[in-house]
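# An overview of the molecular structure
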Amino acid sequence: MRNLVRETKLSAHDFVLPLFVSEKLQERREIRSMPGVFQLSLTDSVQEAHRAAELGLQAVLLFGIPARKDEQATAAFADDGIVQQAVRAIKAAVPDLVVITDVCLCEYMSHGHCGVTRRDGEHFHVLNDESVELLAKTALSHAAAGADLVAPSDMMDGRIGAIRELLDANGYEQTGIMSYAVKFASVFYGPFREAAESPPQFGDRRSYQMDSANAGEALREAALDVEEGADILMVKPALPYLDILWRVRERFGKPTAVYHVSGEFAMVKAAAEKGCFEERAAVLEIMTSLKRAGADLIVTYWAKELAEWTRN
Ligand SMILES: [Zn+2]
């Protein structure tokens, strides 16, 4: 009876699997704070994409870890960059799998910030417009490699419009944009920085990520991205921001994604290991809450397990 009247149903189609592809690795390496999540070599990433498709998942989200970082993030937009190579290899091997690429500069910058920085003594500034130019170049290189969707996660102002314009001008009208429209400065990103090797070397990211206290600002940020041409809006992190997710979905009626982030993942893993509850039941309850709150797409490190757990 409960199944007959259930309002929210999960399936493999709801989930997006993040993959960390490292130019430095020959074999996979487990991320210490995220049990069961690995940095992958290029070859492993193709295998993992295969596996994802076999399980019924529709999409992967790629993050790159370059061999070299510099002050201009040149590896982010290099033709033979690690993400560009991975996109080509995965699209060749598993053409039906939707490949989404994270577009940011932090993994490629020697200082670990999401944009170009200028330092004045004690203070540093992230230069918005210079950063947007590099982000658009990066998105274009991903589209050229075959990405179906580019996903800018930097939170600079005006980047969605700049990316849309550059993609269109180069014949990539079909490449979509999944915007990290509402990304809060959050303590829950901790483990990801180990995974993507991108902790800031000085300062923090509060000058460009949002204050968790601001819901009105979240809607204004999302509205700008809609105007500039975003196809999918994302809210990040997930559980502490269900109200924002709900409002974004209701207000704009756009396909809406949510990112259940590394710290949220690590918390559940740790609690399950201590015997506080059963991992699977906890994950299913969390994912149901995200979908109920309006998520069309859920980026989660449990995507593969969920594809199996939600089979019937
Ligand atoms: Zn970043």
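None of these values were measured; they are calculated from a predicted model.

Attention shifts here to the coordination of the zinc ion. The zinc ion binds to the protein through Cys104 (SG), Cys106 (SG) and Cys114 (SG), with metal-donor distances spanning 2.3 Å. Donor residues binding the zinc ion come from one chain and are separated in sequence as C-x1-C-x7-C. Note that cysteine 104 is positioned in the loop between strand 5 (98-103) and strand 6 (116-120) and cysteine 114 in the loop between strand 5 and strand 6, a separation of ten residues in sequence. No difference in accessibility class separates cysteine 104 from cysteine 114, as the two residues are buried.

Moving on, we get to the packing of aromatic side chains. A full pass over the atoms with the stated rule returns ten aromatic pairs. Each ring, one from phenylalanine 184 and one from tyrosine 241, has its centre 4.1 Å from the other, and the planes form 10°; the classification is stacked. In this pair, phenylalanine 184 sits in the loop between strand 9 (176-183) and helix 6 (190-195) while tyrosine 241 sits in the loop between strand 10 (232-236) and helix 8 (242-252), placing the two residues 57 residues apart along the sequence. In this structure, phenylalanine 184 and tyrosine 241 share a single accessibility class: buried. Arranged with centres 5.6 Å apart and planes meeting at 65°, the rings of phenylalanine 265 and tyrosine 301 form a pair that is edge-to-face. In this pair, phenylalanine 265 is assigned in helix 9 (residues 262-273) and tyrosine 301 in the loop between strand 12 (297-299) and helix 11 (303-309), connecting sequence segments 36 residues apart. For the pair shown, phenylalanine 265 and tyrosine 301 are each scored as buried. Ring-pair connections join several aromatic residues into one group, and the members of that group are Phe20, Phe63, Tyr180, Phe192, Tyr259, Phe265, Tyr301 and Trp302. One cation-aromatic arrangement involves arginine 119 over phenylalanine 202; the distance from NZ or CZ to the ring centre is 4.5 Å.

We now examine the pattern of salt bridges. Opposite charge on two side chains permits pairing when their charged atoms draw close. Under the definition given, this model contains 16 salt bridges. Of the charged contacts in the structure, one is a salt bridge between arginine 32 and glutamate 194, with a shortest N-O distance of 3.7 Å. Linking arginine 32 in the loop between strand 2 (29-31) and strand 3 (34-40) with glutamate 194 in helix 6, this pair joins segments that are 162 residues apart in sequence. Owing to a relative accessible area of 72%, arginine 32 belongs among the exposed residues under this scheme. Note that aspartate 225 and arginine 159 form a salt bridge whose closest N and O atoms lie 3.3 Å from each other. With aspartate 225 in helix 7 (residues 215-228) and arginine 159 in helix 5 (residues 159-169), the pair connects residues that are 66 residues apart, well separated along the chain. Comparing aspartate 225 with arginine 159, the two get one shared label, buried.

What counts and how
Think of each chain on its own: its residues are numbered from 1, step by step along the sequence as written. Local features in this predicted model are restricted to residues of pLDDT 70 or higher, and side-chain atom pairs are both shown and tallied only at a pLDDT of 80 or more, whereas totals for entire chains, interfaces and linings draw on every residue. With hydrogens and water set aside, each side-chain value is computed from the structure's full complement of heavy atoms. Metal donors were taken as nitrogen, oxygen and sulfur atoms no farther than 2.8 Å from the ion, or 3.2 Å where the ion is Na, K or Ca. Water is excluded, so coordination may look unfinished. Here a helix means four or more residues in a row that DSSP labels H or I, a strand means two or more in a row labelled E, and each is numbered from the N terminus. The buried label applies to any residue whose accessible area, calculated with a 1.4 Å probe on protein chains only, is under 20% of its type's maximum; exposed applies above 50%, and partly exposed to all values in between. Note on aromatic contacts: the rings of Phe and Tyr and the six-membered ring of Trp form a pair at centre separations within 6.5 Å, being stacked when their planes are under 30 degrees apart, edge-to-face when over 60 apart, and tilted otherwise. In this analysis the charged atom, NZ for Lys or CZ for Arg, is taken to sit over a ring once it is within 6 Å of the ring centre and within 35 degrees of the ring normal. We define a salt bridge as a side-chain nitrogen of Lys or Arg found within 4 Å of a carboxyl oxygen belonging to Asp or Glu.

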